[in-house]
Every structure is written in C-alpha cells, then in structure tokens.
Amino acid sequence: MDLPDIPTTDLFEITSFEEFTTIHNRILSAPNFREVDLSAGNKAYSNGMILYAKFLKEREEPSTWIFQGNPKYYDVVGAVNDLDQITWAVNQYPKQIKEGDEAYIWLSGTGGGIIATGTVLNDPETREPLDDPYRRSDQLNNESYLAVDIKIEKKLTDEIIERTLLLADERTKKMEILGYAGATNFRVKREANKVIKNIIAGKYEHIPATDSSVEKVKEEKRYWIYAPGEGSRFWKEFYAKGIMGIGWEELGDLKPYATKNSMKEKMKQVYGDEFSYKNAGHATWQFANEMKMGDVVFVKKGLSKIIGRGIVATDYFYDSSRGEYNNIRKVKWTHEGEWDHEGQIVLKTLTDITPYTDYHKKLERMFDEVSGNNNATDEEVEILYSEYTEKDFLSDVYISEEKYRTLKNLLIRKKNIILLGAPGVGKTYAAERLAYSMMGKKDKSRVQVVQFHQSYSYEDFIMGYRPSENGFSIVKGPFYEFCKKAEPDDRPYFFIIDEINRGNLSKIFGELLMLIENDKRGKELRLLYEDEQFSVPENVFIIGMMNTADRSLAMIDYALRRRFAFFEFEPAFESLGFKEYQNEVGNEKFDSLIQTVIAMNIEIADDAALGSGFRIGHSYFSSLTEIDEHWLKEVVEYELIPLITEYWFDEPSQISLWSKKLRGAIQ
C-alpha cells in the first residue's frame, strides 16, 4: 500500500500504544487495505495488528507478579527480613515482566503465603551465580540465569497472607500459584490483586469460595436423604421451626473451610486421628457448599422409614445460639408422617441420591399418592442462571462470528445438526456453549448430554422393558423423558449426542426417525412399547458430534443424513482467539510446537489415506494449568506421538520423521 505518512514499514518498531493506534487507524482507512488483508489469508494483517495493540496496551500498564521461594532451597524469610532489595530468578513470562511492575514475595509450603510486597527494578536480564548467604542448596542457580531485582516495600513475615485464606476466597482461589506451583514467578490478575491489597490495608471482606468440584455440579434440583440426628431425635423441632441441621459443632462455622480435606483435618485435631472422617467430611462439605435452594430433602428414620419431605429454602448458615446441631439451613417442609421404605436406607447422615433417577422418582411418587398430587414439582424454586451471550461463545470457542451465525441459523432452520471434525477441535465443548448462547443463559436444566456406543439401543434411548423386583417393567429412556420435560415449555431445549455415529441410528431412533424432522415436529405417532401417541416438541434441538478420524465407524445412512445439517469444525490455530491464547501463554517452545503441528496437519490433509478429517485439533493445547516443559513433553510423548503412530501405522518413516520434529520443537 502507498501510505507516505506512515513513519516506518516495520510496525514492531512502534512501542507506544497511542502512536500505534493512530497508525493502525490510518492503515485501516486505506482504500485497498481490505483487499491486501484478504489476500494474506484469514485477515492475518488486521488480526495481527489487533493482537499487537493489545500487547502494547498491556505492556504500558503495570503488571503484578508473585515471586516464589522454597524454604528448603532458600532462606526466603531471612532474606526478606534482612534485605531492602532482593534478586529473583525468572523462568516464565520473561517478555511480559518489566521495570515498574508490582511484586509479591511468596513463601511456599504448608502455612506459606505472601510475606512481602515490592517493585520490579528492571526487565529480566541474564545474571551469573554469586555466593548468596541465604542459599540452602547447591542445586540452586549454579549456571547463568534470567533474573530481576525487586525492591522490598512492605515486609509481612509477621502477618503472612496465608495461601489457605486465598484458597478460601472466590476471587483468589484460581490464582496461578495456587493451581500450579512449579515455577519461580506467576502472574496476578487484577481482581486477585485488589483482594490482596485490601487484606494488607485491613479492608478485606471475605467472599467464600466454592470448591471446583461444586462448579461441575448441575445447577438443577438435587435430591437428598437426610437423618435429623441419632434416631431422628431433632425431627419434631426441625419440622416445627422449618429448619434442618447437622452436628460436628466443634468445627464451628463451616464456610471458612476451603476444601473437604481441611474439614477432615480439623476433625482429626478435635476428635482424634484414629479415623479418616471421609464420610463425615464429605457430609459437612456437601451440607455447607453443594446443597442448594430448591433441592428436595427426604427425611429418614432408622433404616426402613421415611418420615418427611421438604424443599431447601436458604443457603447454609451457622447458628451460634444453638447448643448442638448449629449448622443450619431453612426448609419448607411439605410432608410429615411415616412411610415404609422398600429395602434398606443408606446409613449416612446426608446422601446425595440425585444420580439414582429411578430411586428419587419412586420416592416422589410415594408422596404424590399420599397428597393426591400428580405433579411433585409445583414447589420448584426458580433458579437464576448466569447470562451467556454470543460474545461469550466467541470468547470461549475459537470460531469466527460469521461461522457462528451460520452454525446457529442451520440449527434453527433444521433443528438437528451434527458437528463433525478431527480429534481435539472442541466439538463437545462448542455444542454445550452453542446451546447456552441460543438460550442466552447457562441453563443446564434445558441441556442433556448422552453418548452413543455400539450396544446402545431403542430401549436405552426411548423406552423398553427392564428387569425389576416384580419381573419386568417399562422404563422410560432419556430422550423420551427430555421431550416430556420440554413439551409444556416454550423455551428451547437442547439434546446433545456425543459420538453419534458410534450407534446404529436407525435402530436407536426407531419410529422417531420421522418425528425428528423439522416439518414433522409436533406430529404424533404411536410408540412401540406403549399405547401412547408421542411427538417430538418443536422446541427440542438435537446436536450430534461425530469424529471424522474414527476408522471403525460406519457412515451415517442417507435417510438419517437428510434429517441433519452437517457443520465441520477445523483446527483453529490460525484463529484470532487461539492467537490471543497463545500470546497469553508466552512460551517460545509452545509456539514452536504449534507451528510444527500446523505443518504436520498440512501433511495429514494431503495424505490420500488420511485427509483433512484426521488433522490434529487445537484442544490438545488448551490447558487450564500452567504450560511448562514438563507439560509440553507429556503432550508430545503421550498424546501426539501415539496418535500419529496410529495414523501412519503402515508408514514407519513418517512416524519417525514427525516424532523427531515434534520432539525437536520443544527442545
């Protein structure tokens, strides 16, 4: 392009965000920029400038880092107490750390945490090892190493900000140093940094953390079996006051405990360490953290009686005014009485029976019969799900806005779609988020996921006879139940089928093969096992996933193919989203490995025996943990090389060639 007022043709020479923004706008307004940009393929120039502008903006803003020391190898506390300036090794983010950045000094190990604050005095630079009186191991820095100097601003060795406190706060629990501690330095995000500053300033307000296992729990209603004390001795009091409670009073308030293990350790201290407290710790954790408003509680007495039912009405709270059983939730009790339980009830104080669908449905039917109510969900509490927009989808899934809208429109028009692609392109991940984006919220109650396999049948999917205590009875399958759940609702529902081409689809869908067609929605047909007219509601959308690299699978027959739209997901290494992620990783060996895989994918696509459906996807390289040399080696040795060994099982020369290239990329 002919742009005479641009000071340089090498835009990387411009290091000011403001100056670059001016030039960026000038380039974008050039008459032939769009033509040049498109000719580069995938808008490489415009995407590159967006990333560079983001990099410059972040670079000009002070960043915050934690520098970690292991007391086994280095007297961290002694050095902080004695020195006003300290030198620290840097083994990650060398390009991001800069003079003027904020710094925290971290003492690793049990009882460790932040012991000082400071300021980075220089960009990372190579240092030679010197005699250091605080060094406790000869293994530490025997060769030249990358380092920064840190000016100590505030010493906190007498008032450590302990890691347990940070783990117990929702805003700091996912700090890099808490999730992966195998490095000398870690990034601190703004929200976490604000919390740490408030702790230091004495303005801290605790927001309890939820355990990562809790985040995986479905947000819809759950079912519990509960014992109100030994021999149900608190039942009449709890029923009258509209509460439920559990013991373990010596633990105090359960909310400050960051993990199940911390509860179990406290129990060992208080009650003696001869027991593991596995079940007790699990029960107290679930009562305080996993039970939710709207959950259903069945009250038991002994091993053979059910004496009540209720709906959880509040979050957990600690009632210090009670002498015992002071861990409390309020409950709207719906039933009181005595009902025989078929078989023995579980022994534990609190048991989540949600996974046992037939069991909790049988219990619900028992109360329906007593009250004459045919609908046990009248008391359901409306759950507020977090918002999820198109913007969120494009942030989570490496796909262009144009492709997303095509995908969405195909599903709306056809109602059935199959996402196909190579291993690791994120089909399953994208399917759930596509559903959320079309609903506008992360409503997991309107999404169901199943996985097909070679033995999956109509009886598993729709309905069929199953052995029972009295012979055989008809059991409804997940698709039947899901359609019935969606039928009275106007909102969209999404049924997701993983590995859809692993099953015999005509056999699995049976007479419903016709009813899933877009123009047949709402039309009724008699079911095979029951004299019932059944239809697939118009608001049910089916999303299937299909791995194009699975040699063992037969292709979908034409009758079923006509009922689905097919959308291919490709490896997204060149997408703007992945490039931003790559930039955040900031690891040269990671970048080298990605370039090697891109080149290998070209080879795979050109191979007549393989083709584009066998390319390696970007999900192999998307990690929630820190990416270091150990992580890179594991991916190469235990994921990529075994995969290409399968691909080129009859071409050992190709296996040898690309194995060397993959290993060489991370050397």
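A tally of helices and strands in the chain yields 24 helices and 24 strands. Here the C-alpha coordinates of the chain stretch approximately 80 × 70 × 50 Å along the principal axes. Among the 667 residues that make up the chain, the fraction classed as buried is 47%. For the chain, contacts bridging at least 24 residues in sequence account for 71% of all contacts bridging at least 6. Per element, the accessible surface of the chain, about 33,900 Å² overall, is 49% carbon and sulfur. The average position of the 86 basic charges and that of the 110 acidic charges among the side chains of the chain differ by 4 Å.

So, about the environment of Trp339. With respect to the secondary-structure elements, Trp339 resides in strand E14 (residues 327-340). Remark: the alpha-carbon pair of Trp339 and Ile328, spanning eleven residues in sequence, is separated by 25 Å.

If you walk across this open sheet you meet the five strands as E17-E20-E23-E16-E24, and the pairing is parallel. Each edge of the open sheet is held by one strand with a lone partner, namely strand E17 (447-451) and strand E24 (565-569). On average, each strand axis in the sheet is tilted by 20 degrees relative to the strand beside it, whichever way the strands run. Here E17 pairs with strand E20 (residues 493-498) via five bridges, running parallel. In the sheet register, Val447 faces E20, and the bridge partner there is Phe494. The sheet contacts of helix H14 (residues 401-414) involve strand E16 (416-421), E20, strand E23 (540-547) and E24, and relative to E24 the element is tilted by about 160 degrees. Each of E17, E20 and E23 is contacted by helix H17 (residues 478-486), which is oriented at about 165 degrees to E20, the strand it contacts most.

Our next topic: the confidence of the model for the chain. For the chain, per-residue confidence averages 85 on the pLDDT scale, and residues scoring 70 or more make up 92% of the total. Counting contacts from residues 211-219, a segment whose pLDDT is below 50, to residues more than four positions away or on other chains yields 18 contacts. Counting contacts from residues 372-381, a segment whose pLDDT is below 50, to residues more than four positions away or on other chains yields 14 contacts.

What follows covers the side chain of His618. Structurally, His618 can be placed in the loop between helix H22 (588-606) and helix H23 (629-647). In contact with His618, other than residues within four places in its own chain, are Tyr398, Gly424, Val425, Glu570, Pro571, Ala572, Phe573 and Phe578.

Right, let's get into the pattern of salt bridges. What the rule picks out here adds up to 38 salt bridges. Ionic pairing is found between Lys361 and Glu481, a salt bridge with its closest N-O pair at 3.0 Å. Of this pair, Lys361 sits in helix H12 (residues 357-371) while Glu481 sits in helix H17, and the two are 120 residues apart along the sequence. In this structure Lys361 comes out as partly exposed when scored by relative accessible area, which is 29%. Judged by its relative accessible area of 30%, Glu481 falls in the partly exposed class. The residue Glu637 makes a salt bridge to Arg663 at a minimum N-O spacing of 2.7 Å. Of the two residues, Glu637 is situated in helix H23 and Arg663 in helix H24 (residues 652-665); the sequence distance between them amounts to 26 residues. One salt-bridge network, held together by shared partners, links Asp443, Arg446, Asp489 and Arg491.

Before going further, it helps to examine the nonpolar core. Among the nonpolar cores identified, the biggest contains 34 residues, and Phe590, Leu593, Ile616, Phe621, Leu640 and Leu662 are the most heavily contacted of them. Looking at this core, the elements with two or more residues in it are helix H21 (576-585), H22, H23 and H24. Counting residues per element, this core draws most heavily on H23, which supplies nine residues. Those residues in contact with Phe621 that lie beyond four places of it in its chain are Phe573, Phe578, Tyr581, Phe590, Leu593, Ile594, Val597, Ile616, Ile627, Trp631, Val635 and Leu640. Among the nonpolar cores identified, the runner-up in size contains 33 residues, and Ile418, Phe479, Leu515 and Phe534 belong to it.

Taken across its eight residues, E23 has seven buried, putting it largely inside the fold. Direction of pairing for E16 relative to E23: parallel, over a ladder of six bridges. The residue bridging Leu419 from the neighbouring strand is Met545, located in E23. Note that E20 and E23 share five bridges and pair parallel.

Scanning the entire structure with this criterion turns up 43 aromatic pairs. With centroids separated by 6.4 Å and ring planes inclined at 50 degrees, the aromatic side chains of Phe590 and Trp631 adopt a geometry described as tilted. Residue Phe590 is located in helix H22, and its partner Trp631 is located in helix H23; the two are separated by 41 residues in the primary sequence. Given the relative accessible area of 13%, Trp631 is considered buried. Relative to Phe621, the ring of Tyr620 lies with its centre 6.5 Å away and its plane at 55 degrees, an arrangement referred to as tilted. Since its relative accessible area comes to 0%, Phe621 is described here as buried. Here the basic side chain of Arg329 rests over the ring of Phe287, its NZ or CZ set 5.8 Å away from the ring centre.

Turning to the packing of H22 against H23, a few remarks are in order. The angle between the axes and the distance between the axes are what describe a pair of packed helices. Where H22 meets H23, the axes come as close as 12 Å, and the angle between the chain directions of the two elements is 10 degrees. With respect to each other, H22 and H23 are oriented roughly parallel. Along the contact surface, H22 presents Lys589, Phe590, Leu593, Val597, Met600 and Ile604, while H23 presents Glu629, Trp631, Leu632, Val636, Leu640, Ile644 and Tyr647. When the residues that make up the contact of H22 with H23 are grouped by side-chain class, the tally is eleven nonpolar, no polar and two charged.

Our next topic: unusual backbone geometry. Its identity is not glycine, yet Tyr93 carries a phi of approximately 60 degrees, on the positive side. The topology assignment puts Tyr93 in the loop between strand E2 (85-89) and strand E3 (102-107). Despite not being glycine, Glu499 shows a phi value in the positive range, around 50 degrees. Mapped onto the elements, Glu499 comes out in the loop between E20 and helix H18 (505-509). The class for Glu499 is buried, based on a relative accessible area of 18%.

Here we come to H14. Over its 14 residues, H14 runs 20 Å from end to end, which matches the ideal 20 Å to within 8%, given 1.5 Å per residue. Here H14 has its buried residues at Tyr404, Leu407, Leu410 and Leu411. Looking down the long axis of H14, one finds its buried residues gathered within 130 degrees of arc, a one-sided arrangement. Of the exposed residues in H14, the ones pointing more than 90 degrees away from its buried face are Glu402 and Arg413. Contacts made by the buried residues of H14 are with helix H13 (390-396), E16, helix H15 (427-439), E20, E23 and E24. Phi for Lys415, located one or two positions after H14, is positive at around 70 degrees.

Criteria and thresholds
Residues numbered from 1 in each chain as written. Predicted model: local features only at pLDDT ≥ 70, side-chain atom pairs only at ≥ 80, totals over all residues. Heavy atoms only, no water. Helix = DSSP H or I, 4+ residues; strand = E, 2+ residues; numbered from the N terminus. Buried < 20%, exposed > 50% of the residue type's maximum accessible area, 1.4 Å probe, protein only. Contact = heavy atoms within 4.5 Å. Areas by Shrake-Rupley, 256 points an atom, 1.4 Å probe, with all protein chains shown as cover. Lys, Arg positive; Asp, Glu negative; His and termini not counted. Charge placed at Lys NZ, Arg CZ, Asp CG, Glu CD. Pairing = 2+ DSSP bridges. Axes fitted to C-alpha atoms, helices over the stretch in contact; angles between N-to-C directions. pLDDT = per-residue confidence, 0-100. Salt bridge = Lys/Arg side-chain N within 4 Å of Asp/Glu carboxyl O. Core = buried A, V, L, I, M, F, W, Y, C linked by side-chain atoms within 4.5 Å. Phe/Tyr/Trp six-rings, centres within 6.5 Å; stacked < 30°, edge-to-face > 60°. Lys NZ or Arg CZ within 6 Å of the ring centre and 35° of its normal. Parallel < 35°, antiparallel > 145°, perpendicular 65-115°, else oblique. Nonpolar A, V, L, I, M, F, W, Y, C, P; charged D, E, K, R; others polar. Expected span 1.5 Å × (residues − 1). Arc of directions from axis to C-beta.

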